[in-house]
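Here is how the chains run, residue by residue.
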Amino acid sequence: MKLAAYQYQSEQYVGVISQDLQTVTPYQLSKEEAARGALAIIELMAEEKSLPALGSAVALKDVCLLAPIPKPKRNIFCVGKNYLDHVKEIKDSKLGEAQGAMANLPKHPVVFSKVPESVIGPRVGIDSHPHATQEMDYEAELAVVIAKKGKTISQADAMKYIWGYTIINDISARDVQAKHVQFHLGKSFDTFCPMGPWLVSADELDSSKASIKCWVNGELRQDATTELLIFNIPTIIEAISKGMTLYPGDVIATGTPSGVGMGFKPPRFLKKGDTVKIEIDGIGTLENPVI
């Protein structure tokens, strides 16, 4: 199942994408519920309630896709330093110098968050914020979406709590990260969390070996698989849920592989006019311009 939030003829909808990716069929929701995106459906499923009836399919090419969860109820959980080569490239950078011992290979998942207001959908412009940063970077990531409420979830049970997956571009202001050391400010600027193109249910994707690629202006920059994760998805869920309840619709970004702009010598940061495209096999592509 692929679940999308979209706009069609000035109205917002939530619907199911066809297997051939040619049409989307909307659920019959109120305007208020449709504005919540896929979260409205995930919460109904978590409560084991009947889903709304489906309406008439429309051509996917005729709709404007939105972030599948346009405004999450809580901050997006993010895992930093979760690919070995990325740890190495950042450690050798100016950001690594600022972080000191924090730049070393982590012994436990490094978790920070991005505010819900940073979320944007496919093809929406990423604000370059020239007044606030000169070092804007990209990070292609597989994101997990939680299906049901849970706390102290074991690794053995973790996959039972996943509704599905989407793509997140964890846009980062590296100079702000270096200045403040803690990640939250440099990761939470407006438009710094492109998400999409839709959610893919857990039964459609083997998240243990998903291929992740990222292009900037058509140049392949990141190319890896989730087999290279230092902390796998069950480990991440166990760590976050030990003292904190997870809820339906919570989003967890699992980390980015090497190839980010900061890792080049000299660094290759994003600038106005650039385009970033991320592809994860089994999900699709997420593309956004920098404005």
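For clarity, every value in this text was computed on a predicted model and none was experimentally measured.

A. Seen up close, the packing of aromatic side chains. Summed over all chains, the structure comprises 3 aromatic pairs. On the numbers, 5.0 Å between centres and 80° between planes, the contact of F112 with F183 is edge-to-face. With a gap of 71 residues between them, F112 in strand β7 (residues 110-114) and F183 in the loop between α5 (174-180) and α6 (184-187) connect regions that are remote in the sequence. By relative accessible area, F112 is classed as buried at 7%. Directly above the aromatic system of F183 lies the positively charged group of K187, at a separation of 6.0 Å from the ring centroid. The positively charged end of K277 is found above the aromatic ring belonging to W215, 4.8 Å away from the centroid.

B. How the structure looks around the nonpolar core. Among the nonpolar cores identified, the biggest contains 52 residues, and L142, Y165, W198, I237, I252, L270 and I283 are the most heavily contacted of them. Looking at this core, the elements that each hand over two or more residues are β1 (2-8), β6 (76-80), β10 (140-146), β11 (162-169), β13 (193-201), β14 (211-216), α7 (233-241) and β17 (275-280).

C. Spatial organisation of the sheet that holds strand β15 (residues 219-225). Read across the sheet, 4 strands follow the order β15-β14-β17-β18 without closing on themselves; strand pairing throughout is antiparallel. Two strands in the sheet have a free side with no partner beyond their single neighbour: β15 and β18 (284-289). Neighbour-to-neighbour, the strand axes of this sheet turn through a mean angle of 15°, independent of strand direction. Summarising the sheet, β14 and β15 pair through 6 bridges and their orientation is antiparallel. Bridging across to β15, K213 finds its partner in D223.

Thresholds applied
Residues numbered from 1 in each chain as written. Predicted model: local features only at pLDDT ≥ 70, side-chain atom pairs only at ≥ 80, totals over all residues. Heavy atoms only, no water. Phe/Tyr/Trp six-rings, centres within 6.5 Å; stacked < 30°, edge-to-face > 60°. Helix = DSSP H or I, 4+ residues; strand = E, 2+ residues; numbered from the N terminus. Buried < 20%, exposed > 50% of the residue type's maximum accessible area, 1.4 Å probe, protein only. Lys NZ or Arg CZ within 6 Å of the ring centre and 35° of its normal. Core = buried A, V, L, I, M, F, W, Y, C linked by side-chain atoms within 4.5 Å. Pairing = 2+ DSSP bridges. Axes fitted to C-alpha atoms, helices over the stretch in contact; angles between N-to-C directions.

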